[in-house]
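Listed below are the residues making up each chain.
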Amino acid sequence: MGCGHKDDKASLASSQIVSFSHQPHQPPSTPASKEVWKKGGRMFSILLAVHLALLACTLVSSGAFEKIAVHDYDVFFLLTVMMLMVIIWIIFYLVGTSRCPDAILCKDSHAGPVWLRGGLILFAIFSLVMDVFKIGYYSSFYSCLSAIKIIYPIVQAIFVVVQTYFLWISAKDCVHVHLNVTRCGLMLTLTTNLAVWMSAVTDESVHKAHSKLKKNVTDEIFRWLLKAGMRSSSAEECNCNSQICQIFKNGYFWLYPFNIEYSLFASAMVYVMWKNVGRFIDHHSHHIHHLKFRLFRRTFFVGIVLGLIILVSGLGVLILYEVQVNSSAESSKKSQALTMYYIFNIVCLGLMSLVCIGGSVIYRFDKRDMDRHKNPTRTLDVALLMGAALGQYAISYYSIVAIVASTPRDAISALNLTYALLMIAQHTFQNIFIIEGLHRQPPKEDHKHDSHQKDLYGLTFVNINAVSLRVPDSGSTLAPSTASGTEAIHPSDLVRSLTAPKKMNWRRKFLREISMFLLLSNIILWIMPAFGARPQFDNDTELNFYGDSMWPAIVDICLPFGIFYRMHAVASLLEVYIMS
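To start, this report covers the structure provided alongside it. (Residues numbered from 1 in each chain as written. Predicted model: local features only at pLDDT ≥ 70, side-chain atom pairs only at ≥ 80, totals over all residues. Heavy atoms only, no water.)

**Side note on the overall build of the protein**
So, point 1. Helix and strand content of the protein: 20 helices and two strands.
So, point 2. Across the protein, every contact between residues at least 6 apart in sequence was considered, and the portion connecting residues at least 24 apart equals 88%.
So, point 3. Surface exposure of the protein reaches about 27,200 Å², of which carbon and sulfur atoms provide 65%. (Helix = DSSP H or I, 4+ residues; strand = E, 2+ residues; numbered from the N terminus. Contact = heavy atoms within 4.5 Å. Areas by Shrake-Rupley, 256 points an atom, 1.4 Å probe, with all protein chains shown as cover.)

Pasting the structure below:
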């Protein structure tokens, strides 16, 4: 395949290409040329993604029912083929497409920020460790398993490495060659990540159900939740008895949350790349902000200290909850663990709600302008925040209905009701705070009051002593520039302006404190459900009200979105912190 402009780019005249070579920041002259890349090729790639997603969803969900003849190796085979296709396309993109002349005429400065790519690498490392554990687990009894079970984690490890490298170096690209192939390749990558995510969520849910089955879950629930790969027909034939096998098995299940987050992070970054295929960026209106991340400067440390207290306290509550609920069969221990869990979350959610309200009020006094420029990354952030919050909203409303309609009501029911109401309020107020922060322009220094001082502060790297040598001792003014007609500048004003400290106003300081507190609080609220603290399965109110089949299904469907919301909120709050 050649490197020329193809597909829906054929309508662009060669004269426009020449103009791009001389004026790289100038977009196409006609609106029709700007929009032509959004039509046929984009629709075809969407249809491809929809069909692949439905196929993967059908296989993964069918494996949850024991009576359906869909086995785990059917799912693994499909995912392996999809990952191999993505690997081949990424290599083609890196070797062929990205190296074509005029392939990448511009880059989206908002796409793939360094903290998002850093988080992707962190989750990728844990995903690789999970694949190593999974290979060791399946190798422990390879003689009674299909070969695809060992091939799948090997291919997944290669897929994680190749995709992480691809997103690290190409997340900002706006590709202008091989448009249809690139769109379809990106949609294939997006669909593959979502399919791996669905498989991981289902596998983790079955593992949780298997753990509960040993204590208080009926065999009927377990069969309903049972996923391919954990089927009872092969349990006795492939029995994991050795200690090293148990270590591998428990290890890779504990690492599933990181793999789940990796798939979702990668999906978000790939979607932004897909939106940027064929996009022209007008750099005169597309502001590029080089903001420095200073964690321990210009802050009162109040948000960091309070956030660390919440984080450490939450880790302690999580450990005690796991010990008392999962290791003890006494109902009194279970009630104590639930009470402790609900009290901690009520305090945490209440503080976070108040802080978000305070931050929204501070934004009312913020003099910064709203950033109304087109930004696919910010649009996706807002959509993911609003969409992922629906999962926790659903669980909370189901809990409220069950608690209000059930009798009798005890102290745990009251705590559960308060927890559900605060969960709804906190998600709502936090979304308002984050969305408003993402739409603000970067801050301007308070001491820049007029055009004269703005010109002075344009001298970023100025030696003050060198300036003072050029200032007459008599204190006479510098001669005005006859060409520009600017006012005369006093030497004392020049030195005072250059040496004046950059003060941060109280609004920015409070916004940074609020952002850091919310960031650390969201981390612990992600850790707790991701690593086993799920009172929805331990509180009998909802289970008795909705039944043994409906309530576990509701939680298994909605809870992964709530967990993803917390991690995405962390990334968004970090951006709000830097922009404040």
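**Considerations on the environment of Arg 372**
So, point 1. For Arg 372, the location among the structural elements is in the loop between helix 12 (331-364) and helix 13 (376-405).
So, point 2. Of the residues examined, Arg 372 reaches a relative accessible area of 70% and is grouped as exposed.
So, point 3. Along the primary structure Arg 372 and His 439 are separated by 67 residues, whereas in three dimensions their C-alpha atoms are 7.2 Å apart. (Buried < 20%, exposed > 50% of the residue type's maximum accessible area, 1.4 Å probe, protein only.)

**Section: the pattern of salt bridges**
So, point 1. Per the stated rule, a full pass over the model turns up two salt bridges.
So, point 2. The partner of Asp 173 in a salt bridge is Lys 107, and the shortest N-O contact between them spans 2.5 Å. Of this pair, Asp 173 sits in strand 2 (residues 173-175) while Lys 107 sits in strand 1 (residues 104-107), and the two are 66 residues apart along the sequence. (Salt bridge = Lys/Arg side-chain N within 4 Å of Asp/Glu carboxyl O.)

**Brief notes about the side chain of Gln 392**
So, point 1. With respect to the helices, strands and loops of the structure, Gln 392 is situated in helix 13.
So, point 2. A residue is classified by how much of its surface remains accessible, and Gln 392, at 8% relative accessible area, is buried.
So, point 3. Excluding anything up to four places from it in sequence, Gln 392 contacts Met 423, His 427, Leu 559 and Gly 562.

**Some words on the packing of aromatic side chains**
So, point 1. Following the criterion strictly, the structure yields 28 aromatic pairs and no others.
So, point 2. With a centroid separation of 5.7 Å and an interplanar angle of 15°, the aromatic rings of Tyr 546 and Trp 551 are classed as stacked.
So, point 3. Trp 551 gets classed as buried once you look at its relative accessible area, which sits at 0%.
So, point 4. Three or more aromatic residues joined by ring pairs make a cluster, and in this case those are Phe 123, Phe 126, Trp 254, Phe 258, Phe 265, Trp 526 and Phe 531.
So, point 5. For Arg 42, the ring lying beneath its charged end belongs to Trp 274, and the centroid distance is 4.8 Å.
So, point 6. One cation-aromatic arrangement involves Arg 117 over Trp 168; the distance from NZ or CZ to the ring centre is 4.6 Å. (Phe/Tyr/Trp six-rings, centres within 6.5 Å; stacked < 30°, edge-to-face > 60°. Lys NZ or Arg CZ within 6 Å of the ring centre and 35° of its normal.)

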